[in-house]
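Chains, contacts and geometry: an overview
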Amino acid sequence: MNNIDGRKISDQVREQIRFEAIRDWHAGMNPSSLARKYGTSRKTVYEWIDRYESNGWDGLKTRTGKTGPKPKLSPEQQQQLHLILRSNSPIDYGYQTPLCTCQIVAKLIDQKFQVKYVSASVARLLKRMGFSPQKPRWGAWQQDQKKLLNG
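Residues numbered from 1 in each chain as written. Predicted model: local features only at pLDDT ≥ 70, side-chain atom pairs only at ≥ 80, totals over all residues. Heavy atoms only, no water.

**As for the packing of helix α5 (residues 102–113) against helix α6 (residues 119–128)**
- Where α5 contacts α6, the two axes come as close as 9 Å, and the packing angle between them is 90 degrees. Between α5 and α6, the crossing angle belongs to the class labelled roughly perpendicular. Facing α5, whose interface residues are Cys102, Gln103, Val105, Ala106 and Ile109, α6 presents Ser119, Val122, Ala123, Leu125 and Leu126.
- Taken together, the residues that form the contact of α5 with α6 break down as 8 nonpolar, 2 polar and no charged. (Axes fitted to C-alpha atoms, helices over the stretch in contact; angles between N-to-C directions. Helix = DSSP H or I, 4+ residues; strand = E, 2+ residues; numbered from the N terminus. Parallel < 35°, antiparallel > 145°, perpendicular 65-115°, else oblique. Contact = heavy atoms within 4.5 Å. Nonpolar A, V, L, I, M, F, W, Y, C, P; charged D, E, K, R; others polar.)

**Comments concerning the nonpolar core**
- Counting 18 residues, the largest nonpolar core has Leu73, Leu81, Leu85, Ile109 and Tyr117 as the members making the most contacts within it.
- Of all the elements in the fold, those that place two or more residues in this core are α4 (75–87), α5 and α6.
- Here this core takes 6 residues from α5, the largest share from any one element.
- Beyond its immediate stretch of four places on either side in the chain, tyrosine 117 contacts Lys72, Leu73, Ala106, Ile109, Val122 and Leu125. (Core = buried A, V, L, I, M, F, W, Y, C linked by side-chain atoms within 4.5 Å. Buried < 20%, exposed > 50% of the residue type's maximum accessible area, 1.4 Å probe, protein only.)

**A look at unusual backbone geometry**
- Phi angles above zero are rare outside glycine, and glutamine 114 is one such case at about 55 degrees.
- Its place among the elements puts glutamine 114 in the loop between α5 and α6.
- Overall, the relative accessible area of 62% leaves glutamine 114 in the exposed class.

**Brief notes about the confidence of the model for the chain**
- Looking at the chain, pLDDT values average 85 and 84% of them are 70 or higher.
- When pLDDT is averaged over each element of the chain, helix α3 (residues 42–55) comes out on top at 95 and helix α7 (residues 141–150) at the bottom at 55. (pLDDT = per-residue confidence, 0-100.)

**Points about the packing of aromatic side chains**
- In the structure shown here, the tally under the stated rule is 3 aromatic pairs.
- The interplanar angle of 70 degrees and the centroid separation of 5.7 Å between the aromatic rings of phenylalanine 19 and tryptophan 57 together place this pair among those described as edge-to-face. Note that phenylalanine 19 is positioned in helix α1 (residues 11–26) and tryptophan 57 in the loop between α3 and α4, a separation of 38 residues in sequence.
- With a centroid separation of 4.9 Å and 65 degrees between ring planes, the pair formed by tyrosine 52 and tryptophan 57 is classed as edge-to-face.
- Given a relative accessible area of 17%, tyrosine 52 falls into the buried group.
- A relative accessible area of 36% places tryptophan 57 in the partly exposed class.
- We note lysine 72 situated over the ring of tyrosine 117; from NZ or CZ to the ring centre the distance is 5.3 Å. (Phe/Tyr/Trp six-rings, centres within 6.5 Å; stacked < 30°, edge-to-face > 60°. Lys NZ or Arg CZ within 6 Å of the ring centre and 35° of its normal.)

Given below as structure tokens:
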């Protein structure tokens, strides 16, 4: 088998390749030979062997579901946050701006749910919820008025 982009192969076929490779490994083939035969790297073959040794044949099955860490806020808390952001502005919580910046939303989440978020994570959370974080404009407000008067 030549090196093939594994992402273009279906999950079932990739699973079968892993099963066959482990059978060949049990029959005595070394990882280098397996890598050549199945068109992959030795590192990948070693990962298959590790998965097999850790979890048996089930470890070679295609993994499904979401990967990555679980969200810090539950779906109910996210729903509450959505309602809070839709119905109130930061001014209602004592801030001097009506803009919902990531920092303000992070502080609000900490106050309401006792969950710590960093700004980048808040931005991703807001995007998933259908919001866009607001960024304040920097610059002297007097300049804008001068442009309006002279323009």
